[in-house]
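# A closer look at the structure
Below, each chain spelled out in residue letters.
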Amino acid sequence: MFVDGPNDSPHRYADGSLCMWYPYDPPELRWQRSDGPVVLLGHIAAHLIREQWWRQTGEWAGDEAPHRAPTHRQESR
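Residues numbered from 1 in each chain as written. Predicted model: local features only at pLDDT ≥ 70, side-chain atom pairs only at ≥ 80, totals over all residues. Heavy atoms only, no water.

From N to C terminus, the protein chain includes 1 helix and 0 strands. A total of 77 residues make up the protein chain; the buried ones form 25% of that total. For the protein chain, the exposed area adds up to about 5500 Å²; of that, 56% sits on carbon and sulfur atoms. (Helix = DSSP H or I, 4+ residues; strand = E, 2+ residues; numbered from the N terminus. Buried < 20%, exposed > 50% of the residue type's maximum accessible area, 1.4 Å probe, protein only. Areas by Shrake-Rupley, 256 points an atom, 1.4 Å probe, with all protein chains shown as cover.)

Written out as structure tokens, the structure is:
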């Protein structure tokens, strides 16, 4: 998913796209096509709000996972 605006974020891929889910999470923890577009837009909005919060405070407001090959799930607030 790509959006306009600042792309400085610890949760963006190198191409600027949003990193909203841990790729190795089970399907129930990620958006699925059957969830529909409204749910996807909610995830995007929440991600962008978290990015803005991070830019202002330096803290990520939500769960985080490592951005490398899976070894174990890591979460922090």
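Turning our eyes to something else, we now look at the pattern of salt bridges. Overall, the coordinates contain 3 salt bridges when judged by the stated rule. A salt bridge links Glu51 to Arg55; its shortest N-O distance comes to 3.3 Å. Residue Glu51 and its partner Arg55 are both found in helix α1 (residues 37–57); the two are separated by 4 residues, about one turn of the helix. Looking at Glu51, the relative accessible area reads 1%, which means it is buried. Note on Arg55: relative accessible area 25%, which makes it partly exposed. Each of Asp8, Arg12, Glu51 and Arg55 takes part in salt bridges that share partners, so that together they form one network. (Salt bridge = Lys/Arg side-chain N within 4 Å of Asp/Glu carboxyl O.)

Moving on to the confidence of the model for the protein chain. Per-chain confidence: the protein chain averages 84 in pLDDT, with 84% of residues scoring 70 or above. Contacts for the low-pLDDT stretch residues 69–77, under 50 throughout, to residues beyond four places or in other chains number 20 contacts. (pLDDT = per-residue confidence, 0-100. Contact = heavy atoms within 4.5 Å.)

Mapped onto the fold, Gln52 is located in helix α1. According to the relative accessible area criterion, Gln52 is partly exposed, its value standing at 37%. Linking Gln52 and Pro6, residues 46 residues apart in sequence, is a C-alpha distance of 9.1 Å.

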